[in-house]
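Okay, here's what each chain looks like letter by letter:
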Amino acid sequence: MTNTMTVDFHSLSFEQAIAHCQALLAQVDQQQITDGDLETAIGQLVATENGARGFFVTFLTANNFPLADQPTQPVLNALHTAPATVGELLVKNLAMSAAMVVHHQRNADRESAQGSAQVCRRSQTLIQSLQLPGIAEKLTELERSLNGEGEYQGFLTRWGYDDEQKQAIYAALHSLIST
């Protein structure tokens, strides 16, 4: 297993962050890590852009991993340590996963559609559970961007989401905005 004490988190590549997070989740699954060490390790990961991206790619897509569906307080505490990065990535993961459900459904790829729906649900759960400063504004900006006028317009354009995918994104964020 990866020892979090010997990792230079600031020099981790995206791929290395994914590998580190996979090892970390294996430790969780095998009950080989304390809550305190888990909180520290996740906090160190999300302190950098590559670490945070690698964490979310791994955490949100992990199969048969109850911690991702019902994050514990140590996970939430760790994510609170980097609110700007975490908030931004959660909003983008919400949008991307909602749009990908539509994409996979069009291609009759039921398994991938279910995986994207799981990432979307997990992103929603984390957004609701964390209540990070600025997250409501980011969600509102995403909604504005879906109408062609917000700061996420470039993000939506870059990924080429069509009207049906944008409707799926809106549906995914609607319950978060109205709460």
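So, here's what we can say about the structure. (Residues numbered from 1 in each chain as written. Predicted model: local features only at pLDDT ≥ 70, side-chain atom pairs only at ≥ 80, totals over all residues. Heavy atoms only, no water.)

## A closer look at the overall build of the protein
Secondary structure assignment for the protein yields 10 helices and zero strands. Ordered by position from the N terminus, the helices and strands of the protein form the series α-α-α-α-α-α-α-α-α-α. Its C-alpha atoms give the protein principal-axis dimensions of roughly 45 × 35 × 30 Å. Residues counted as buried form 46% of the 179 residues belonging to the protein. Across the protein, the fraction of contacts at a sequence separation of at least 24, relative to all contacts at a separation of at least 6, is 74%. Total accessible area computed for the protein in this model is approximately 9000 Å², and 47% of it derives from carbon and sulfur atoms. Distance between charge centroids for the protein: 6 Å, based on 10 positive and 19 negative side chains. (Helix = DSSP H or I, 4+ residues; strand = E, 2+ residues; numbered from the N terminus. Buried < 20%, exposed > 50% of the residue type's maximum accessible area, 1.4 Å probe, protein only. Contact = heavy atoms within 4.5 Å. Areas by Shrake-Rupley, 256 points an atom, 1.4 Å probe, with all protein chains shown as cover. Lys, Arg positive; Asp, Glu negative; His and termini not counted. Charge placed at Lys NZ, Arg CZ, Asp CG, Glu CD.)

## Points about the nonpolar core
The biggest cluster of nonpolar side chains holds 53 residues, and the ones touching the most others in it are Phe59, Leu79 and Ile169. Counting residues per element, this core draws most heavily on helix H6 (residues 83-106), which supplies eight residues. Ignoring anything within four residues of it in the chain, the contact list for Phe59 reads Leu25, Phe65, Leu67, Ala68, Val75, Arg122 and Leu126. (Core = buried A, V, L, I, M, F, W, Y, C linked by side-chain atoms within 4.5 Å.)

## As for the packing of aromatic side chains
In total, this model carries five aromatic pairs according to the counting rule given. Ring centres 5.2 Å apart and planes at 70° place the aromatic pair Phe55 and Phe56 in the edge-to-face group. Here the aromatic rings of Phe59 and Phe65 are separated by 6.2 Å at their centres, their planes lie at 85°, and the arrangement is edge-to-face. Per residue, the accessibility class of Phe59 equals that of Phe65, and both read buried. Grouped by ring-pair contacts, the aromatic residues Phe55, Phe56, Phe59 and Phe65 constitute a single cluster. Positioned above the aromatic ring of Phe14 is the side chain of Arg53, whose terminal nitrogen or guanidinium carbon lies 4.0 Å from the ring centre. (Phe/Tyr/Trp six-rings, centres within 6.5 Å; stacked < 30°, edge-to-face > 60°. Lys NZ or Arg CZ within 6 Å of the ring centre and 35° of its normal.)

## Considering the pattern of salt bridges
The final tally for this structure, using the stated rule, is seven salt bridges. Close ionic contact of Asp69 with Arg122 constitutes a salt bridge, the shortest N to O distance being 2.8 Å. Of the two residues, Asp69 is situated in helix H4 (residues 66-69) and Arg122 in helix H7 (residues 110-130); the sequence distance between them amounts to 53 residues. Residue Arg122 is classed as buried on the basis of its relative accessible area of 1%. Lys138 is paired through a salt bridge with Glu88; the nearest N and O atoms lie 3.2 Å apart. With Lys138 in helix H8 (residues 135-146) and Glu88 in helix H6, this residue pair connects regions lying 50 residues apart in the sequence. The exposure class assigned to Lys138 is buried, which follows from its relative accessible area of 19%. Where salt bridges share partners, they join Glu88, Lys92 and Lys138 into one cluster. (Salt bridge = Lys/Arg side-chain N within 4 Å of Asp/Glu carboxyl O.)

## With respect to the side chain of Asn93
Mapped onto the elements of the fold, Asn93 is located in helix H6. On the accessibility criterion, Asn93 (19% relative accessible area) is buried.

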